[in-house]
Amino acid sequence: MSNTIQRKVPLKGIDQLRLFGLHDRNLRKLEQSFDVTMIARGNDVIVTGLSDRVRLAEKVLVELILLVTRDQDITENDLDTVIALSDKNGEHENTLENDLNRVILYTKDGFIKPKSAGQHAFYEASAKNDIVFAIGPAGTGKTFLAVAMAVAALRDKLADRIVLTRPAVEAGERLGYLPGDFREKIDPYLRPLYDALNDMIPADKLKRYLDSGIIEIVPLAYMRGRTLNNAFVILDEAQNTKFNQMKMFLTRLGINAKAIITGDITQSDLPSSEASGLVQAQTILHNIEGIKFAYMNERDVVRHRLVRDIIKAYDNYEGHNVSSHSH
């Protein structure tokens, strides 16, 4: 049987109005959710109740304090999210802690965290290595997760800027024939990167970042000759890079730079005679310390449930065709 305990959570230097909400409504909601009492006393909150309830309420409170220290307002959505992540039954002591530690970013629509084993392995690899290759089929969240990690690094001042790039290979030599100025010609190829950013950063802030160059979105060809210091760099659709392009990209990294390279090696748009720089990189770089390859498969698909079945069906079809041709 759990005993009644009392815990003190320090609030030194915390904006209490922001944390507690108007008329202390955030505290009241936590009290109801965890069946505890919370009393603000000077620079502390005193939490009283059954021990397992108090421990959970305390963890949630600490997570909310973290949000406030990152200069974020606590919305009702944030509160619901953090409470929902907590283990209401108290069966798994560290469930909440683990889940909250995996939250990469809080957005207006909730939060972003790894949702599958493959995504989690990718996230862990990125935390421990300066260069990570995330390889897997469409819909596994490679680009979205990479952009979330970059935005979190910018927020936490681990990087001064974000550089997002992808090869505009489908455009090839035809770029000149597309209507509009350079930006309009190239934008369709970079659109998925803008879409990801729009989900994570308020529009006015994103515009400011783009205008000032804190976030830069450029075609791969424009990376030549640059050195990127204190930057979080993402190369997307890397299956469409050639050998020289991949080498050029990887050698742009300067001091305190981090890179994520994403791609789907089953979907190259390069001419069939041209080898993919992403495929070659797996062989060339596989045993360099600080470089990690994270692989995802159809089990990591986070799009429409049918996408997973479609990938599987195509894999089976291609596998069957390969084996029938080899006989």
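Parameters and conventions
- Residues numbered from 1 in each chain as written.
- Predicted model: local features only at pLDDT ≥ 70, side-chain atom pairs only at ≥ 80, totals over all residues.
- Heavy atoms only, no water.
- Salt bridge = Lys/Arg side-chain N within 4 Å of Asp/Glu carboxyl O.
- Helix = DSSP H or I, 4+ residues; strand = E, 2+ residues; numbered from the N terminus.
- Buried < 20%, exposed > 50% of the residue type's maximum accessible area, 1.4 Å probe, protein only.
- Contact = heavy atoms within 4.5 Å.
- Core = buried A, V, L, I, M, F, W, Y, C linked by side-chain atoms within 4.5 Å.
- Pairing = 2+ DSSP bridges.
- Axes fitted to C-alpha atoms, helices over the stretch in contact; angles between N-to-C directions.
- Arc of directions from axis to C-beta.

Trainee: Explain the pattern of salt bridges residue by residue, including any values.
Mentor: For the structure shown, the criterion picks out 12 salt bridges. For E216, the salt bridge is made with R161, and the minimal N-O distance between the two is 3.9 Å. One end of the pair, E216, is in strand β8 (residues 215–219); the other, R161, is in strand β7 (residues 161–166), with 55 residues separating them in the sequence. The class of R161 is partly exposed, set by a relative accessible area of 21%. Salt bridges sharing common partners tie together D24, R28 and E31.

Trainee: Describe in detail the environment of K292, supporting the description with residues and values.
Mentor: On the secondary structure map, K292 appears in strand β11 (residues 291–295). Every residue in contact with K292, bar those within four places of it in the chain, is listed here: A125, N129, I131, V132 and F133.

Trainee: Tell me about the nonpolar core, and name the residues and values.
Mentor: With 37 residues, the main nonpolar core has F122, V147, L197, M200 and I215 as its most contacted residues. Counting residues per element, this core draws most heavily on helix α7 (residues 142–155), at 10 residues. Among all residues touching V147, those that are not within four sequence positions of it are L164, L193, A196, L197, M200 and I234. L19, V36, L56 and Y106 belong to the second largest nonpolar core, which has 28 residues in total.

Trainee: Explain the sheet that holds strand β9 (residues 231–235) to me, using residue names and the numbers behind them.
Mentor: In space, the six strands of this open sheet follow the order β8-β7-β9-β10-β6-β11, with parallel pairing throughout. The two strands at the open ends of the sheet, each matched to only one other strand, are β8 and β11. For this sheet, the mean angle separating the axes of adjacent strands, direction not counted, is 15°. Across five bridges, β7 lies against β8 in parallel orientation. Within β8, the residue paired with T165 across the bridge is V218.

Trainee: How would you explain the sheet that holds strand β3 (residues 44–50) if you had to name every residue and give the values?
Mentor: Sheet architecture is open: three strands sit in the order β1-β3-β2, paired in antiparallel fashion. Among the strands making up the open sheet, the edge pair consists of β1 (4–10) and β2 (37–41). Within the sheet, the average angular offset between the axes of one strand and its neighbour, ignoring direction, is 20°. The sheet contact formed by β2 and β3 spans five bridges and is antiparallel. Opposite T37, over in β3, you have T48 as the bridge partner. Along the sheet, helix α3 (residues 51–69) makes contact with β1, β2 and β3, crossing β3 at roughly 150°.

Trainee: Account for helix α2 (residues 25–34), naming residues and giving values.
Mentor: Among the residues of α2, those classed as buried are N26, L27, L30, E31 and F34. Projected down its long axis, α2 shows its buried positions confined to an angular sector of 140°, all on one face. In α2, the exposed positions angled more than 90 degrees off the buried face are occupied by R25 and Q32. Close packing links the buried residues of α2 with α1 (16–20), β2, α3 and α4 (76–85). Looking one or two residues beyond α2, the residue adopting positive phi is D35, at roughly 55°.

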